[in-house]
Amino acid sequence: MTMPALHVWRDPQPQEVAPRLRDFLDALPGPTHIQLSGRDGSRCRVAVTLLHGNEPSGLSAVHALLRQGIEPAVDIHLFIVNVQAARARPLFSHRMLPGERDLNRCFRAPFTDDSQGRLAHTLLSCWQALAPEALIDIHNTSGAGPSFGVVTAIESAHESLVSLFTHRVVMTDLVLGSVMDLNGRFCPVVTIECGGARSDESDHTALIGLTQYVSLERVLDLAPENDVIMDYFHHPLRLELVTGAAVDYGHEVLLVRGVTLSPDLEQLNFNAVAAGTRLGVVTGELAEVLQATTSEGDNRLLHFFCLEDDYLVTRVRMKFFMVTNNPEIARTDCLLYFVPA
Ligand SMILES: [Zn+2]
């Protein structure tokens, strides 16, 4: 397997960085590793962003930081990954290029011998060699909604890293082949979901968090002194389509086996959803359309959802997040995550 090279850009000066975000992106030759020298060169931190080309808040934060010419506390390594997908027109609309796999499902051995598998392998080797004190991966959610962090372990270091960006924490043990699965292999790893893409608030969340991550002397043991109470969501389940089932959003009910979801479903993000809430209409048997499998492989769908006159209805009070209204993401990833409230 030949490993792709990352483009390295060392200590870019503010005047070398295009003032407009799109010009900055266009000037990147491909997956890029930006190195910033810090006051304490004995330590380093890694931040990864744009694994998904339609999630630009992390990129916009990197761009703003470079334009400001910030002096990092420690050496900083910024990885801007899926440049090609991001700049495919229309700009920032492709999670990945057509025909490619989701890069954030490729971080597990054995690495597949395709361009995504090789890139994931290269990134992982590079991060391990850097031996950072922390790694954060910055995303946007595909639907509208507030920011949150995702962790696979609840330790003070993870809470501290998430608290740079947001006070909501989702704790999961679902292994998907994402960057977050690397947690504990060589350093604490957290994922930051800044909220929906193309939202000024999400861009602001990313910038505030990344600025602190880069400039604070310590980021792993921040005392919860500013009275920030972290809001935890434990072990969410994914509501997924059964293979071959269709999904659509709107008021025209599908004629084939599948689910037609309410077009404003994403408004349920992080809100309590009462038992008996109608989410859409199912064509066919519920269990042949949807599934909700735990990390142990149990399908818990019918514990949480049922059909009433073909309407998909919640059986218990829950909280939803990562609700998408994008049928492509619903098909290839999942419809939403949920936890019992
Ligand atoms: Zn993402």
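Everything numeric in this text was worked out from a predicted model, so none of it was measured.

Enquirer: Whenever I open this one, unusual backbone geometry confuses me. Can you help?
Expert: Glycine aside, negative phi is the norm for most residues, and most peptide bonds take the trans geometry. The step from R89 to P90 runs through a cis peptide bond, and the omega angle for that step is -10 degrees. Tracing the backbone shows P90 in the loop between α3 (83-87) and α4 (115-130). Non-glycine residue M322 carries a positive phi angle of around 50 degrees. The residue M322 is located in the loop between β18 (318-321) and α8 (327-332) in this model.

Enquirer: Whenever I open this one, the sheet that holds strand β13 (residues 272-273) confuses me. Can you help?
Expert: Hydrogen bonds between backbone atoms are what pair the strands of a sheet, whose relative direction is either parallel or antiparallel. The strand order across the open sheet formed by five strands is β13-β18-β19-β10-β15, and the pairing between neighbours is antiparallel. For this open sheet the edge positions go to β13 and β15 (290-291), each flanked by a neighbour on one side alone. Pairing geometry for β13 and β18, over two bridges, is antiparallel. Residue pairing for β18: V273 is matched across the bridge by M318.

Enquirer: Any chance you could explain the packing of aromatic side chains here in plain terms?
Expert: The geometry of an aromatic ring pair comes down to the distance between the two centres and the angle between the two planes. Using the criterion set out here, one finds eleven aromatic pairs in the structure. Between F270 and F321, the aromatic rings sit 5.3 Å apart at their centres with planes inclined by 20 degrees, giving stacked as the arrangement. Within this pair, whereas F270 is found in the loop between β12 (258-261) and β13, its partner F321 is found in strand β18, the two being separated by 51 residues in sequence. Owing to a relative accessible area of 11%, F270 belongs among the buried residues under this scheme.

Enquirer: Help me out: how do you make sense of the coordination of the zinc ion in this one?
Expert: Six octahedral donors around a metal ideally sit at 90 or 180 degrees from one another, while four tetrahedral donors ideally sit at 109.5 degrees. At the metal site, the zinc ion is ligated by H52 (ND1), E55 (OE), E55 (OE) and H139 (ND1), and these contacts range over 2.0 to 2.5 Å. Note that the zinc ion binds four donor atoms; their angles at the metal cover 56 to 145 degrees, and the shape is irregular. Each donor residue of the zinc ion lies on the same chain, and together they follow the pattern H-x2-E-x83-H. On the accessibility criterion, H52 (3% relative accessible area) is buried.

Enquirer: Just to check I follow, could you spell out the pattern of salt bridges for this structure?
Expert: Where charged atoms from two side chains of opposite charge come close, those side chains can pair. With the rule as written, the count across this model stands at 18 salt bridges. We note a salt bridge from R45 to E133, for which the minimum N-O separation is 2.6 Å. In this pair, R45 is assigned in strand β3 (residues 40-49) and E133 in the loop between α4 and β5 (135-141), connecting sequence segments 88 residues apart. Between E240 and R238 there is a salt bridge, with the nearest N and O atoms lying 3.1 Å from each other. For E240, a relative accessible area of 18% gives the class buried. If you follow the salt bridges from partner to partner, you end up with R39, D40, R43, R45, E71, E133 and E217 in one network.

Enquirer: Honestly, the domain arrangement of the protein chain in this entry has me stumped. Any pointers?
Expert: The parts lose accessible area when they come together, and the size of an interface is often stated as this lost area. If you check the domain split of the protein chain, you get domain 1 (7-234) and domain 2 (237-340). Centre-to-centre separation of domain 1 and domain 2, based on C-alpha positions: 29 Å. Contacts between the two partners involve 18 residues from domain 1 and, on the opposite side, 17 residues from domain 2. Summing the contributions of domain 1 and of domain 2, the shared interface buries around 1,500 Å²; its carbon and sulfur component is 67%.

Enquirer: What exactly am I supposed to notice about helix α6 (residues 200-215) here?
Expert: Residues lying three or four places apart along an α-helix face the same way, a consequence of the helix completing one turn every 3.6 residues. End to end, α6 covers 22 Å across 16 residues, agreeing with the expected 22 Å (1.5 Å per residue, within 8%). Looking at the buried side of α6, the elements it contacts are β3, α2 (57-68), β4 (74-80), β5, α5 (156-163) and β8 (189-196). Here α6 starts with a cap whose side-chain oxygen sits 3.2 Å from the backbone nitrogen of E201, and that cap is S199.

Enquirer: Looking at this structure, I do not really get the nonpolar core. What am I missing?
Expert: Nonpolar side chains tend toward joint burial in soluble globular proteins. The biggest cluster of nonpolar side chains holds 42 residues, and the ones touching the most others in it are F24, L25, I80, I136, L210 and Y213. Ignoring any residue separated from it by four or fewer positions in sequence, one finds F24 in contact with W9, V17, A18, I34, L59, V62, H63, L66 and I80. Counting 28 residues, the second-largest nonpolar core is a separate cluster that includes A245, L290, L312 and L336.

Parameters at a glance
Residues numbered from 1 in each chain as written. Predicted model: local features only at pLDDT ≥ 70, side-chain atom pairs only at ≥ 80, totals over all residues. Heavy atoms only, no water. Helix = DSSP H or I, 4+ residues; strand = E, 2+ residues; numbered from the N terminus. Pairing = 2+ DSSP bridges. Phe/Tyr/Trp six-rings, centres within 6.5 Å; stacked < 30°, edge-to-face > 60°. Buried < 20%, exposed > 50% of the residue type's maximum accessible area, 1.4 Å probe, protein only. Donors = N, O, S within 2.8 Å, 3.2 Å for Na, K, Ca; no water. Tetrahedral: all angles 85-135°; square planar, octahedral: opposite > 155°, others 65-115°. Salt bridge = Lys/Arg side-chain N within 4 Å of Asp/Glu carboxyl O. Domains from an automatic or database assignment. Contact = heavy atoms within 4.5 Å. Buried area = accessible area lost by both parts, 1.4 Å probe. Expected span 1.5 Å × (residues − 1). Polar contact = N/O pair within 3.5 Å; in protein donor to acceptor, adjacent residues only side chain to side chain. Core = buried A, V, L, I, M, F, W, Y, C linked by side-chain atoms within 4.5 Å.

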